[in-house]
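Chain residues, written in single-letter form:
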Amino acid sequence: MPSPDFSAMLRWPNVPACYGWLALDRRGRWRLRGEALSHAGLIDFLNRQYAHDADGNYFVQNGPQRVFVELEYTPWVLRLAAPDRLETQLGEEVGEIRAAAIDEEGNLLLETAAGIALLCDRDLPALLDCLQLADGRPADDDALLAAIAQPGGSALTLAWQGARLPLQTLLRAQVAQRYGFVSSPQETPAASPGSAP
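We now turn to the structure provided with this report. (Residues numbered from 1 in each chain as written. Predicted model: local features only at pLDDT ≥ 70, side-chain atom pairs only at ≥ 80, totals over all residues. Heavy atoms only, no water.)

1. Focus on the overall build of the chain
Broken down by element type, the chain carries five helices and 14 strands. For the chain, the proportion of contacts with a sequence separation of at least 24, taken over those separated by at least 6, is 56%. By element, 53% of the accessible surface of the chain is carried by carbon and sulfur atoms, the whole surface being about 10800 Å². (Helix = DSSP H or I, 4+ residues; strand = E, 2+ residues; numbered from the N terminus. Contact = heavy atoms within 4.5 Å. Areas by Shrake-Rupley, 256 points an atom, 1.4 Å probe, with all protein chains shown as cover.)

Listed below in structure tokens is the structure:
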């Protein structure tokens, strides 16, 4: 992932951050005040300037201003670029998948070098054959429903590019904390004059 340009912060270090304007939806689309963006140049700019701070808040660096991003689910969304190739919403190819999980809603989560990512729901049917039983057969609907209902782990694996990863089960409400990101960054109240830091 390319690094955002922070040089404007040196010239204007005290520009207030922006909250509640920009969002990333569960299909990896940028939304400005709820409206999906379609301008290719603006989307390219947002993709280049996307980053996170040490606390797991994701943002877009807009010159000297940090615009924090509301995450509908995860900070990364994966799409099938080809039958055997995944890429992030930024268009970057995903090399290694480190872990796989499914939540109680049937969402498939994949851990990559960049962090935890949601597989776009449009690509989920194409990847279902990669979810396998212990004997290597594709998981049927009953096995998937049993995996979703079983907290902690399942008997299923994700077969992807020669690797077989155990499919963990988790609750959607626990994903942000487990993977160290903030879904809805909030402005911290400034200290009032005369108060201790």
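Having seen the model, we can carry on.
2. Describing the sheet that holds strand β13 (residues 157-160)
Across the sheet, which stays open at both edges, the eight strands sit in the order β8-β7-β11-β10-β9-β14-β13-β12 with mixed pairing between neighbours. Strands with a single pairing partner mark the edges of an open sheet, and in this sheet they are β8 (85-88) and β12 (131-132). In terms of strand pairing, strand β10 (residues 108-111) meets strand β11 (residues 116-119) through three bridges, oriented antiparallel. Bridge assignment links Leu 110 to a residue of β11, and that residue is Ala 117. (Pairing = 2+ DSSP bridges.)

3. Some words on the environment of Thr 112
Within the secondary structure layout, Thr 112 lies in the loop between β10 and β11. Thr 112 gets classed as buried once you look at its relative accessible area, which sits at 6%. C-alpha separation for the pair Thr 112 and Trp 76, spaced 36 residues apart in sequence, amounts to 9.3 Å. In this structure, Thr 112 is in contact with Leu 78, Val 94, Glu 96 and Arg 98, ignoring residues within four places of it in sequence. (Buried < 20%, exposed > 50% of the residue type's maximum accessible area, 1.4 Å probe, protein only.)

4. Regarding the pattern of salt bridges
In total, this model carries eight salt bridges according to the counting rule given. Residue Asp 25 pairs with Arg 29 through a salt bridge whose shortest N-O separation is 2.7 Å. On the basis of relative accessibility, which here comes to 32%, the residue Arg 29 falls in the partly exposed class. Three or more residues joined by partner-sharing salt bridges are found here, namely Asp 25, Arg 29 and Arg 31. (Salt bridge = Lys/Arg side-chain N within 4 Å of Asp/Glu carboxyl O.)

5. Quick look at the packing of aromatic side chains
All chains considered together, the criterion is met by six aromatic pairs. With a centroid separation of 5.4 Å and an interplanar angle of 75 degrees, the aromatic rings of Tyr 50 and Trp 76 are classed as edge-to-face. Taken together, the positions of Tyr 50 in strand β4 (residues 50-52) and Trp 76 in strand β7 (residues 76-82) put the pair 26 residues apart, joining distant regions of the chain. We classify Trp 76 as buried; its relative accessible area is 3%. (Phe/Tyr/Trp six-rings, centres within 6.5 Å; stacked < 30°, edge-to-face > 60°.)

6. Side note on the environment of Leu 22
Here Leu 22 shows up in strand β1 (residues 18-24). Relative accessible area serves as the criterion here: at 4%, Leu 22 is assigned to the buried category.

7. Examining unusual backbone geometry
Even without being a glycine, Arg 33 presents a positive backbone phi close to 50 degrees. Tracing the sequence through the fold places Arg 33 in the loop between β2 (30-32) and β3 (35-36). A positive phi angle, near 50 degrees, is found at Gln 161, a position not held by glycine.

8. Structural notes on the nonpolar core
The tendency in soluble globular proteins is for nonpolar side chains to be buried side by side. Trp 30, Tyr 50 and Leu 86 are the most contacted members of the largest nonpolar core, which has 47 residues in total. If you tally residues by element for this core, the top one is β11, at four residues. Among residues more than four places away in sequence, those in contact with Leu 86 are Leu 78, Arg 79, Leu 80, Glu 92, Glu 93, Val 94, Ile 97, Leu 110, Leu 119 and Trp 160. (Core = buried A, V, L, I, M, F, W, Y, C linked by side-chain atoms within 4.5 Å.)

9. A word on the pairing of strand β6 (residues 65-71)
Side-chain positions along a regular strand alternate between the two faces of the sheet. Bridge count between β1 and β6: four bridges; the pairing is parallel. Directly across from Ala 23, in β6, lies its bridge partner Glu 70. Pairing analysis gives four bridges linking strand β5 (residues 58-62) to β6, with the strands arranged antiparallel. Directly across from Asn 62, in β6, lies its bridge partner Gln 65. Where β5 folds back onto β6 in an antiparallel hairpin, the turn is made up of two residues, including Gly 63, whose phi is positive at roughly 65 degrees.

10. Let's talk about helix α4 (residues 141-149)
Burial in α4 covers these residues: Ala 143, Leu 144 and Ala 147. For α4, the angular spread of buried residues about the axis comes to 100 degrees, placing them on one side. Residues of α4 that are exposed and angled more than 90 degrees away from the buried face: Asp 141, Asp 142, Leu 145 and Ala 149. Buried positions along α4 lie against β12 and β14 (163-170). (Arc of directions from axis to C-beta.)

Bear in mind that shape data such as this cannot, by itself, settle questions of function.
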